[in-house]
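Chain by chain, the residues run as shown.
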Amino acid sequence: MTNIHRAASAKIPDFPVGRPESCPFDPDEIYTRLRAEEPMTLVHCPAGMDAWLISRYEDMRHMLADRSLSSRAAGSDHMLPSYDGHEPLPGFMIQLDGQEHARLRRLLIGEFTVRKMEALRPCVQKITDEHIDAMLAGAGADLVRDFALPISSKVICEMLGVPYKDHEMFQLDSQVLMSFEADEVSRGAATRRLEAYLGELVRQRIAEPQDDLLSRLIARSNDTDRPLEVGELATLSVLLLVTGHETTANMITLGMLMLLENPGKLAELRADPDLIGTAVEELLRYLSVIQFGLLRYATQDVTIGGIEVKAGEWLVAAVPSGNRDESVFPSSDTLDLGRQVRTNLAFGFGAHVCIGQHLARIELQVALSTLLRRIPELRLAEPLAQSEFKRNDIVYGLQSMRVTW
Ligand code: HEM
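## Structural notes on helix H7 (residues 167-178)
For H7, with 12 residues, the first-to-last C-alpha span of 16 Å sits near the 16 Å given by 1.5 Å per residue. Residues Phe170, Gln171, Asp173, Ser174, Leu177 and Met178 constitute the buried set of H7. In the core, the buried residues of H7 are packed alongside helix H6 (144-160), helix H8 (184-207) and helix H10 (230-260).

What follows is the structure in structure tokens.
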């Protein structure tokens, strides 16, 4: 596997992932300069490879739309990319290309339409209200543990047909898979535990179908020329379960924190609850929780951002930077809850664009607007400076968020 060393003498800097100490909501300050002066530059990624860092919005769309760039080479025996040469697990859609990817995406896409997700809104509302009732029975809560994480987990469990009673196991393992601090052994063990757990569930649904996504997926796949194997179904379910709760939960709490820290914006949203649709889009853009970048591998020479990227080289799209590109989003560093957005890149772009984006939007809209309406006095129980952020996870967010009212 090629490792890039175009400028052999210069040390390649690390992928800039930090958020400035002064503001936990902004991307690393270096991106403003990179977008202006060095929109394609080599960095060393936490997953081990050197890659062309893309910082401009248009270059990112170009990269993510280019079908000759592969997600596959990022495959390994765990969820995180590495270049140890392993093939991705069959069924691990996010790392598959071309027909292999399209086969899985086709089987799933009908489950995630805007109409189907809208039909889930009452269920999301009910789960949200139950958690707010429970919180209101006390004087304070941890918004991660008592609100965001259980809501997003229950919704994806309900959809897939996974028993929520097992949430501790899958939440812990998901956190291991999302962290760059976890070692290979722990990540491998977490993947195997989740695979075994969901593999068992798949076997149960094959024997006895229920009214859930997993059973419908099995039935739909059985109607094709090449039905999914148990292993593929288990891996696909792991992907949906992990991505289906972690990302949204992080976005709910970070979004709420952003609003609490900006009382003017909070008041604006309270005064006009209909703003929630654009407000969620804007929070997704502004906060860009996918912070370690979207990786692709060049299978042939390709020109992006004026640079000829050679076959065998890697590219990484820094979503937090693309979403602050001032040539696309005027006053990009200002949170504008009514912004008529041009599609931002929070959910990616192209063939792998997030399949759960409509679900995530609904969860965010319901969770944030219900919190504002039902707990008008909601405030942080400790100063922002004491908050602990997930600085070394693929998805940025808070470890915990103590609130009171
Ligand atoms: C705020 C919440 C979310 C964010 C920011 C987010 C972000 C993303 C991004 C950036 C990608 C593209 C990855 C790439 O191009 O390599 C992606 C893909 C994906 N997301 Fe999400 N996501 C969110 C919520 C969800 C939810 C709720 C689900 C599941 C139900 C989900 C399931 C997936 C899957 C399965 C893929 C892979 C799609 C494919 O390979 O075709 N995501 N997500």
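Now that the structure is up, let's keep going.
## Some words on the coordination of the iron atom of the ligand
If you check the protein contacts of the iron atom of the ligand, you find one donor only, Cys354 (SG), at 2.3 Å. For Cys354, the position within the fold is in the loop between helix H13 (319-322) and helix H14 (357-374).

## Structural notes on empty space enclosed by the protein
Summed over the entire model, instances satisfying the criterion amount to three cavities of 30 Å³ or more. Its boundaries defined by the atoms lining it, the second largest cavity holds a volume of some 40 Å³. In this structure, the second largest cavity is lined by Pro16, Val17, Gly18, Arg19, Pro27, Asp28, Tyr31, Gln291 and Pro320. Its residues placed into classes, the lining of the second largest cavity shows five nonpolar, two polar and two charged.

## So, the site of the ligand
In the neighbourhood of the ligand, 26 residues make up the surrounding shell, with His101, Arg105, Arg296, His352 and Cys354 lying closest. The side chain of Arg296 places a nitrogen or oxygen atom 2.7 Å from an oxygen atom of the ligand. Contributions of two or more residues to the shell around the ligand are made by helix H3 (98-109), H10 and strand E5 (294-298). Broken down by element, the shell around the ligand gets its largest block of residues, seven residues, from H10. Considering only residue class, the shell around the ligand consists of 16 nonpolar, eight polar and two charged.

Conventions used here
Residues numbered from 1 in each chain as written. Predicted model: local features only at pLDDT ≥ 70, side-chain atom pairs only at ≥ 80, totals over all residues. Heavy atoms only, no water. Helix = DSSP H or I, 4+ residues; strand = E, 2+ residues; numbered from the N terminus. Expected span 1.5 Å × (residues − 1). Buried < 20%, exposed > 50% of the residue type's maximum accessible area, 1.4 Å probe, protein only. Contact = heavy atoms within 4.5 Å. Donors = N, O, S within 2.8 Å, 3.2 Å for Na, K, Ca; no water. 1 Å grid on protein atoms, 1.4 Å probe; cavity = no way out; pocket = protein on both sides within 12 Å on 5 of 7 lines; lining within 4 Å. Points joined across faces, edges and corners; volume = space filled by probe spheres on them. Nonpolar A, V, L, I, M, F, W, Y, C, P; charged D, E, K, R; others polar. Near = heavy atom within 4 Å. Polar contact = N/O pair within 3.5 Å; in protein donor to acceptor, adjacent residues only side chain to side chain.

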